[in-house]
Amino acid sequence: MAQVTRLMVHRADGLQGILTVPDTLLGGRRSEVTLRHGHHETIARLVPMKEANEVHLAGDIWKRLSLPDENVLDVHVLWDEAENLLRIGPLLAIMARVRRKKGQLTGAQAPVFERLSEAGRTLGVLTYVFSPLEIQWTKGTVRGVYWNDERKWTMGTFPLPDVVYDQVVSRRFEDRPDVKESRNKLIRLLYPRYFNAGFFDKWTMFQWLSADDRTRRQLPATTLYRAPGQGTQFLVEWGDIYMKPARGSLGQGLVRVQLAVNGQALYRWRKGPGRTETGVAKDPRAWFEQHHRFLRRRRYILQRTIPIPSLEGRVWDVRALMQKDESRAWKRTKMFVRISHPGEVASNLAAGGRAERVEKVLPHIALGFSAERGLVRRLTRTAHNVAQVVEESSGLQLGEMGVDLGVDDRGGVWIIEVNAKPWKSPDTDEGDERLLERSFLRPVAYAKSLAGFSP
């Protein structure tokens, strides 16, 4: 039976090959013990100390284990008596497309990584950020950045970790052959201690959710685009549809097509940030024929537009952030309403949308069909069902996902999309700071559990 204890680990540069530990930790005298940090191991001579509540580790061992360049670490030690093994950690590595300037992380994700690293300090989890392109496989080391006790990023060489949290949010970067190769090697090495790999395909997602009784009745009619005639028939049947690239994200490439009374096809196409093309085709078939090659090449899905009442004349939906913690069970961390930027066809925050608290918005959109509290319960239950179905159907190790839901003009709850890499804002204006902090603590707590360091 392994014993986990949180202790202060001190670097003792004056010692050589020695580890001092509380006498009560190991439960008996031993001359030496195997130490492990991530995937690095070494042997240390053991010196038990009576009535001590901290660990002192010789400087040469500190270096061999590639521990962070600090004098004291507030972490966990896991004692496995059967293996005569003492693990220091856990060691969590956040994989991302790393952007650096003068040794400091830059880019939109940098504040997110700071938050996650602070969550690691709170939970006693050693955390570093790395690029899949900076792994030295022959040495079992990774070149990464660590959020030090001075609250600055510092470069270092670390062991291959206990757990990897995949935060690569660029599909283009993830699709690089060298990135794929590194990711697949890490998954083979660490599984199931590698979570949130890759992105979801919208058509595959529809097939998963439509095959399960818990979710199929809340899906809008959806099909994969194949030919102009098929697309025309779908638009004529529903009159108002969304078209989405199956592997798209952030609302890029989203098209809304509506059938006018005179038979024309009216469309709004989000071509990129701040670029929305609006136009009219003489009829639906003409529109699909004009764009057939593009739609087939990008694998677009067609989806009936849910009759959601407008809010301030804008598109909106509800985002539920579903996460796991040390319990490894799905929990709703927070839920908020996303309201589109004027003129946009997507509510995505990346498309200029804004987030509002659910309790502030729902009273204006529930339309009297459901009490606000009852609607929140149904939204939460739906998001929970989605998380369970996706995890079971995909066979992936998942620690979080964003579930986008719609509320129609009768108070019905619909499943719009599922996001594999939900954006966790590092700041809050009107939101609850406790929920914000929880959104960063939970994936770290989940990683701690996967590493075997939870009680």
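Each residue is numbered by its place in its chain's sequence as written, counting from 1. Confidence filtering applies because this is a predicted model: local features only for residues at pLDDT of at least 70, side-chain atom pairs given and counted only at 80 or more, and all residues used for totals across whole chains, interfaces and linings. Derived side-chain values reflect all non-hydrogen atoms in the structure, with water molecules and hydrogen atoms excluded from consideration.

Trainee: Help me understand the overall build of the protein chain in this model?
Mentor: Numbering of helices and strands runs from the N terminus; a helix is a DSSP stretch of H or I covering at least four residues, while a strand is a stretch of E covering at least two. Along its length, the protein chain carries eleven helices and 26 strands. For the protein chain, the spread of C-alpha atoms along the three principal axes comes to 90 × 45 × 40 Å. Only four residue types enter the tally: Lys and Arg on the positive side, Asp and Glu on the negative side, with His and both chain ends excluded. Charged groups are reduced to one reference atom each: NZ for lysine, CZ for arginine, CG for aspartic acid, CD for glutamic acid. Of the side chains in the protein chain, 71 bear a positive and 53 a negative charge, and the two mean positions are spaced by 5 Å.

Trainee: Before we go on, may I ask you to explain the packing of aromatic side chains in this structure?
Mentor: Geometrically, a pair of aromatic rings is defined through the distance of the ring centres and the angle of the planes. Stacked, edge-to-face and tilted labels apply to pairs of Phe, Tyr and Trp rings (six-membered ring for Trp) whose centres lie within 6.5 Å, assigned for plane angles under 30 degrees, over 60, and everything in between, in that order. Tallying each qualifying case throughout the model produces 14 aromatic pairs. Aromatic side chains Trp269 and Trp287 sit 5.9 Å apart centroid to centroid with 50° between the ring planes, which places their arrangement in the tilted category. One end of the pair, Trp269, is in strand 19 (residues 265-272); the other, Trp287, is in helix 8 (residues 284-297), and 18 residues separate them in sequence. The same class applies to Trp269 and to Trp287, which are both buried. Each ring, one from Trp287 and one from Phe288, has its centre 5.3 Å from the other, and the planes form 90°; the classification is edge-to-face. Exposure class is identical for Trp287 and Phe288. Each is buried. By way of ring pairs, the aromatic residues Tyr225, Tyr267, Trp269, Trp287, Phe288, Phe294 and Tyr300 are connected into one cluster. Think of it in three bands: with a 1.4 Å probe and only protein chains considered, a residue is buried below 20% of the maximum accessible area for its type, exposed above 50%, and partly exposed in between.

Trainee: Which parts of the structure should I look at to understand the sheet that holds strand 14 (residues 163-166)?
Mentor: Strand pairs in the sheet, formed through backbone hydrogen bonds, run parallel or antiparallel to each other. For two strands to pair, DSSP has to find at least two bridges joining them. Strand order in the open sheet formed by six strands is 13-12-11-8-14-15, with mixed pairing between adjacent strands. Looking along the sheet, the strands with just one partner apiece sit at the ends: strand 13 (153-159) and strand 15 (194-195). Relative to strand 13, strand 12 (residues 141-147) is paired through seven bridges, and the arrangement is antiparallel. Within strand 13, the position partnered with Tyr146 by the bridge is Thr154.

Trainee: What should I look at first to understand the pattern of salt bridges in this one?
Mentor: For side chains bearing opposite charge, pairing can occur when the charged atoms are close. Salt bridge, as used here, is a side-chain nitrogen of Lys or Arg placed within 4 Å of a carboxyl oxygen of Asp or Glu. Applying the stated criterion across every chain, the model contains 29 salt bridges. Between Asp162 and Arg87 there is a salt bridge; the shortest N-O distance is 3.4 Å. Linking Asp162 in the loop between strand 13 and strand 14 with Arg87 in strand 7 (residues 85-89), this pair joins segments that are 75 residues apart in sequence. For the pair Asp162 and Arg87, one class covers both residues: buried. Linking Glu400 and Lys424 is a salt bridge whose minimum nitrogen-to-oxygen distance equals 3.0 Å. Separated by 24 residues along the polypeptide, Glu400 in strand 25 (residues 400-407) and Lys424 in the loop between strand 26 (413-419) and helix 11 (433-450) bring together distant segments of the chain.

Trainee: It is not clear to me how the pairing of strand 8 (residues 91-95) should be interpreted in this structure. Could you clarify?
Mentor: Residues in a regular strand project their side chains so that they alternate between the two faces of the sheet. Burial of strand 8 is extensive: five of the five residues sit out of reach of the surface. Where burial is concerned, the two faces of strand 8 agree: the one with Leu91, Ala93 and Met95 and the one with Leu92 and Ile94 are both buried. Two strands pair when backbone bridges link them, and strand 8 and strand 11 (residues 126-136) are joined in this way by five bridges, in the parallel orientation. The partner of Met95 across the bridge, within strand 11, is Phe130.

Trainee: Help me out: how do you make sense of the packing of helix 3 (residues 110-123) against helix 11 in this one?
Mentor: For any two helices packed against each other, the geometry comes down to the angle between their axes and how far apart the axes lie. Axes here mean lines fitted to C-alpha atoms, for a helix over just the part in contact, with angles spanning 0 to 180 degrees between N-to-C directions. Where helix 3 meets helix 11, the closest approach of the two axes is 9 Å, and the angle between their N-to-C directions is 65°. By the criterion of interaxial angle, the relationship of helix 3 to helix 11 is roughly perpendicular. Read as a crossing pair, helix 3 and helix 11 show a hand that is right-handed. Judged by residue contacts, Val112, Arg115, Leu116, Ala119, Gly120, Thr122 and Leu123 of helix 3 engage Glu433, Leu436, Glu437, Phe440, Leu441, Pro443, Val444, Ala445 and Lys448 from helix 11. Taken together, the residues that form the contact of helix 3 with helix 11 break down as ten nonpolar, two polar and four charged. Geometric relationships in this document are graded by angle, where less than 35 degrees denotes roughly parallel, more than 145 denotes roughly antiparallel, 65 to 115 denotes roughly perpendicular, and other angles denote oblique. Crossings are sorted by hand: turned counterclockwise from the far helix by less than a right angle, the near helix makes the crossing left-handed, and turned clockwise it makes it right-handed. By the convention used here, residues are in contact when the closest approach between their heavy atoms is within 4.5 Å. Residue type decides the class: Asp, Glu, Lys and Arg count as charged, Ala, Val, Leu, Ile, Met, Phe, Trp, Tyr, Cys and Pro as nonpolar, and the leftover types, Gly among them, as polar.

Trainee: Is there a simple way to explain the sheet that holds strand 23 (residues 330-339) in this structure?
Mentor: The sheet built from five strands is open, its strands ordered 24-23-22-25-26 with antiparallel pairing. For this open sheet the edge positions go to strand 24 (354-357) and strand 26, each flanked by a neighbour on one side alone. Within this sheet the neighbouring strands show an average axis-to-axis angle of 35°, counted without direction. The sheet strands contacting helix 11 are strand 22 (316-324), strand 23 and strand 25, and the helix crosses strand 23 at an angle near 140°.

Trainee: How should helix 8 be read in this particular structure?
Mentor: Count 3.6 residues to each turn of an α-helix, and residues three or four apart come out pointing the same way. Here, expected helix span is obtained from the residue count minus one, scaled by 1.5 Å. With 14 residues, helix 8 extends 19 Å from end C-alpha to end C-alpha; this agrees with the ideal 20 Å at 1.5 Å per step. To get the bend at a given residue, fit one axis to the seven residues ending there, fit another to the seven starting there, and take the angle between those axes. Along helix 8, the helix axis deviates most sharply at His291, where the bend reaches about 65°. Taken residue by residue, helix 8 has Pro284, Trp287, Phe288, His291 and Leu295 as its buried positions. Where helix 8 is buried, its residues contact helix 7 (228-238), strand 17 (240-245), strand 18 (255-259), strand 19, strand 20 (275-281) and strand 21 (300-304). Identification of polar contacts relies on pairs of N or O atoms within 3.5 Å, with a donor-acceptor requirement for protein atoms, meaning one able to donate a hydrogen and the other able to accept it, and with residues adjacent in sequence counted only if both atoms are side-chain atoms. At the N-terminal boundary of helix 8, the capping side chain belongs to Asp283, with an oxygen 3.2 Å from the backbone nitrogen of Arg285. Following helix 8 by one or two positions, Arg299 adopts a phi angle in the positive range, close to 55°.

Trainee: What am I meant to see in unusual backbone geometry here?
Mentor: Where the residue is not glycine, phi is negative for most of them; where a peptide bond is considered, it is trans in most cases. Of the consecutive residues Gly89 and Pro90, the connecting peptide bond is found in the cis state with omega at 0°. With an omega dihedral of 10°, the bond running from Tyr191 to Pro192 counts as a cis peptide bond. Structurally, Pro192 is set in the loop between helix 5 (177-190) and strand 15. With a phi angle near 55°, Ser66 is a residue other than glycine that sits in the positive phi range.

Trainee: What should I look at first to understand the nonpolar core in this one?
Mentor: The tendency in soluble globular proteins is for nonpolar side chains to be buried side by side. In this structure, Leu19, Leu35, Leu57, Leu86 and Phe130 are the most contacted members of the largest nonpolar core, which totals 42 residues. Not counting the four nearest positions on each side in its chain, Leu35 is found in contact with Leu19, His40, Glu41, Thr42, Ala44, Leu57, Ile61, Leu65, Leu85, Leu86 and Ile88. Buried residues of nine kinds, namely Ala, Val, Leu, Ile, Met, Phe, Trp, Tyr and Cys, make up a nonpolar core once their side-chain atoms join them within 4.5 Å. Ranked by size, the runner-up nonpolar core spans 37 residues in total, among them Met205, Ile301, Met335 and Ala383.

Trainee: Any chance you could explain the packing of helix 7 against helix 8 here in plain terms?
Mentor: For the pair helix 7 and helix 8, interaxial distance at closest approach is 9 Å and the crossing angle is 140°. Relative to helix 8, the element helix 7 is oriented oblique. Crossing hand, helix 7 versus helix 8: right-handed. Here helix 7 contributes Pro228, Gly229, Gly231, Thr232 and Leu235 to the contact with helix 8, which in turn contributes Pro284, Arg285, Phe288, Glu289 and His292.

Just geometry here; none of it tells us what the structure is for.
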